[in-house]
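Structure assessment
Listed here are the chains, written in short residue letters.
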Amino acid sequence: MDIAIAQLEQWMRDYYHNVDHDIGSSGVRDLTIAELRGLCGFELSELDTLTCRDSESYGGSGLRAALADRWTGGDVDRMMVTHGSSEAIYLVMNLALEPGDEVIVVDPAYQQLHGIAAARGCRVTRWPLDPRAGFAADLALLRELARSGPRMIVVNFPHNPTGVSITAEEQKELVAIAAEAEALLVWDNAFGELTYTADPLPLPTSWYDRCIAFGTLSKSYGLPGLRVGWCVASPGLLARMALLRDYIALYVSPVLEFFAEQAVRHADRIVASQREHAGGNLRLLRDWADGLPDLVRFTPPGGGVTAFVEFPGQPDVVRSCRRLAERHRVLLVPGACFGDAYRDHARLGFGGTTAGLTAGLSLLEQVLREDARGDQ
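Anyway, here's the lowdown on the structure attached to this text. Just so it is clear, the structure is predicted and the values come from calculations on it, not from any experiment. Here the residue numbering is sequential within each chain, running from 1 through the sequence in written order. Side-chain atom pairs in this predicted model are given and counted only at pLDDT of 80 or more, local residue features only at pLDDT of at least 70, and totals for whole chains, interfaces and linings cover all residues. For side-chain calculations, the full set of non-hydrogen atoms in the structure is used, while hydrogens and water are omitted.

1. Section: the overall build of the protein
The helix and strand inventory of the protein stands at 12 helices and 12 strands. C-alpha atoms define the radius of gyration in this analysis, and the globule rule sets the expected value at 2.2 Å times the number of residues to the power 0.38. A compact globule built from 376 residues would reach a C-alpha radius of gyration of about 21 Å, and the protein, at 20 Å, matches this within 12%. With the C-alpha coordinates of the protein rotated into their principal frame, the extents come out at 60 × 55 × 40 Å. We call a residue buried when its accessible area falls under 20% of the maximum for its residue type, exposed when it is over 50%, and partly exposed in between, using a 1.4 Å probe and counting protein chains only. Here the protein, with 376 residues, has 54% of them falling under the buried criterion. Here, two residues are considered to be in contact whenever any of their heavy atoms come within 4.5 Å of each other. For the protein, the share of sequence-separated contacts (at least 6 apart) that also reach a separation of at least 24 residues comes to 74%. Just so you know, the count uses Lys and Arg for positive and Asp and Glu for negative, and it drops His and the chain ends. Where a charge lies is defined by one atom per residue type: Lys uses NZ, Arg uses CZ, Asp uses CG and Glu uses CD. Distance from the positive charge centre (35 side chains) to the negative charge centre (49 side chains) of the protein: 2 Å. Counting from the N terminus, the helices are the DSSP runs of H or I reaching at least four residues and the strands are the DSSP runs of E reaching at least two.

This is how it looks when you write it as structure tokens:
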């Protein structure tokens, strides 16, 4: 399979581990095991009785049940534990699609949500979020695009990288559009639990049986190192996914599942703590941007911990991001990682430590002013 380079992951591979301040990532502050223990109330001695044996293809029974209790009303038959949501995306796109199928995907988007389908020989149709309207979702345009009868519609709200979301009524309309087209609806819920301006949206899997949902402990929980995610789908599709993962990863480590189950059982406490922290950082980001009206423009996000910031007048945002990383050891992700149409934007992540965000924004301002003057 001839698959395109994942531009975001390539950028992160080059810079993520070589910076001091991260204002480009899409997750909240990372938790230590001690912090996780404090939030969940378990002891490491509980691991002493854990046998390092194989786990199950669909996920260990404890974690799978915890996820099902949270997302499917306890129906474990529709839940699979995966290596982050990325494994779920890979499995679904390879098994639910055939070459020639049309896939409508929100744009900009995390590349894995469309790159695998393109490599499968699918026709990818972009549903653009309009920058001039603050990247608001144009459902009338989606309805028009869906008249062609796509096999699949792929969305994620709150959205990566812009952080914009939709209302509960708009979600119902979006699902109705998918139903009218008889399309599979892929609902990427990576940021679904972390919202600021409205309650989290429910998973459409509860009322649309052609919906497939993904989730992860990386974004709203601060546990990316666990590499644990989940997928809600029909039992038939999950069975096919299990057959394909027999050739890839087989199952998730039971050691990782132990920590993940603790996190899921205490998710409300973890997410509330991370939301409070991220909300404070968002206020800091807004104040910073308000002080630089000629250099920075963005729509404050309704959820998640990323903003898609426009830098008007900057001659080369990719170059600015490289200089920021290589000279000042600050990570910022250029919008070009989400497509050439966004070369004057960058993804700015505000979920990390407040000290790191403050330092990163100060150095970013320095680079923006230098580039605006033409300094090298």
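2. A short note on a nonpolar patch on the surface
Residues form patches when they are more than 30% accessible in relative terms and have no salt bridge. Like charges link within 9 Å. Nonpolar side chains (Val, Leu, Ile, Met, Phe, Trp, Tyr) link within 5 Å. Areas reported as accessible are Shrake-Rupley estimates using a 1.4 Å probe. Residue values count occlusion only from the protein chains shown. Whenever a carboxyl oxygen of Asp or Glu lies within 4 Å of a side-chain nitrogen of Lys or Arg, that contact is scored as a salt bridge. Taken together, Y90, Y247 and I248 make up a surface patch of nonpolar side chains, about 380 Å² in accessible area. Mapping I248 onto the fold places it in the loop between helix 8 (235–245) and helix 9 (254–265). Classification of I248 by relative accessible area gives partly exposed; the value is 47%.

3. Concerning the environment of W127
Within the secondary structure layout, W127 lies in strand 4 (residues 123–128). Sequence-wise, W127 and A137 are 10 residues apart; in three dimensions their C-alpha atoms are separated by 8.8 Å.

4. Overview of the packing of helix 2 (residues 33–40) against helix 9
The angle between the axes and the distance between the axes are what describe a pair of packed helices. Axes here refer to lines fitted to C-alpha atoms; in helices the fit is confined to the stretch in contact. Angles between the N-to-C directions go from 0 to 180 degrees. Two elements in contact, helix 2 and helix 9, have axes separated by 9 Å at closest approach and are oriented at 45°. Considered as vectors, helix 2 and helix 9 are oriented oblique to each other. In this structure, helix 2 meets helix 9 at a crossing whose hand is left-handed. Of the residues in helix 9, those touching helix 2 at I33, L36 and C40 are F259, Q262 and A263. Only Asp, Glu, Lys and Arg are considered charged in this grouping, and only Ala, Val, Leu, Ile, Met, Phe, Trp, Tyr, Cys and Pro are considered nonpolar; every other residue, Gly among them, is considered polar. A breakdown of the residues in the contact of helix 2 with helix 9 according to their chemical character gives 5 nonpolar, 1 polar and no charged. For this classification, under 35 degrees means roughly parallel, over 145 means roughly antiparallel, 65 to 115 means roughly perpendicular, and everything else is oblique. With the far helix as reference, a near helix turned anticlockwise by less than a right angle produces a left-handed crossing, and one turned clockwise produces a right-handed crossing.

5. Observations regarding the packing of aromatic side chains
Put simply, two rings from Phe, Tyr or Trp (the six-membered ring, in Trp's case) pair if the centres are within 6.5 Å, and we call them stacked under 30 degrees between planes, edge-to-face over 60, tilted for the rest. By the definition in use, this model includes 11 aromatic pairs. Look at F258 and F259: their rings are 5.3 Å apart centre to centre, the planes differ by 80°, and that puts the pair in the edge-to-face class. In this structure, F258 and F259 share a single accessibility class: buried. Through a chain of ring-to-ring contacts, the aromatic side chains of F135, F308, F338 and Y342 assemble into a single cluster. To sit over a ring, a charge needs its Lys NZ or Arg CZ within 6 Å of the ring centre and within 35 degrees of the ring normal. The ring of W71 carries the charged tip of R70 above its face, separated from the ring centre by 5.7 Å.

6. Thoughts on the sheet that holds strand 12 (residues 345–349)
A pair of strands is labelled paired if DSSP reports no fewer than 2 bridges between them. Here 3 strands make up an open sheet; going across it, the order is 9-12-11 and the pairing antiparallel. For this open sheet the edge positions go to strand 9 (306–310) and strand 11 (333–334), each flanked by a neighbour on one side alone.

7. Looking at unusual backbone geometry
Backbone torsion omega between D107 and P108 reads 5°, so that peptide bond is classified as cis. Considering the arrangement of structural elements, one finds P108 in the loop between strand 3 (102–107) and helix 5 (112–119). Here the amide bond leading from N160 into P161 is cis, since omega sits at 20°, within 30 degrees of zero. Mapped onto the elements of the fold, P161 is located in the loop between strand 5 (152–155) and helix 7 (168–180). Its identity as a non-glycine residue notwithstanding, F135 has a phi of 65°, on the positive side. Positionally, F135 belongs in the loop between strand 4 and helix 6 (139–145). The buried category is assigned to F135, whose relative accessible area is 5%. One non-glycine residue, R329, adopts positive backbone phi at about 55°. If you trace the backbone, R329 turns up in the loop between helix 11 (317–328) and strand 10 (330–331).

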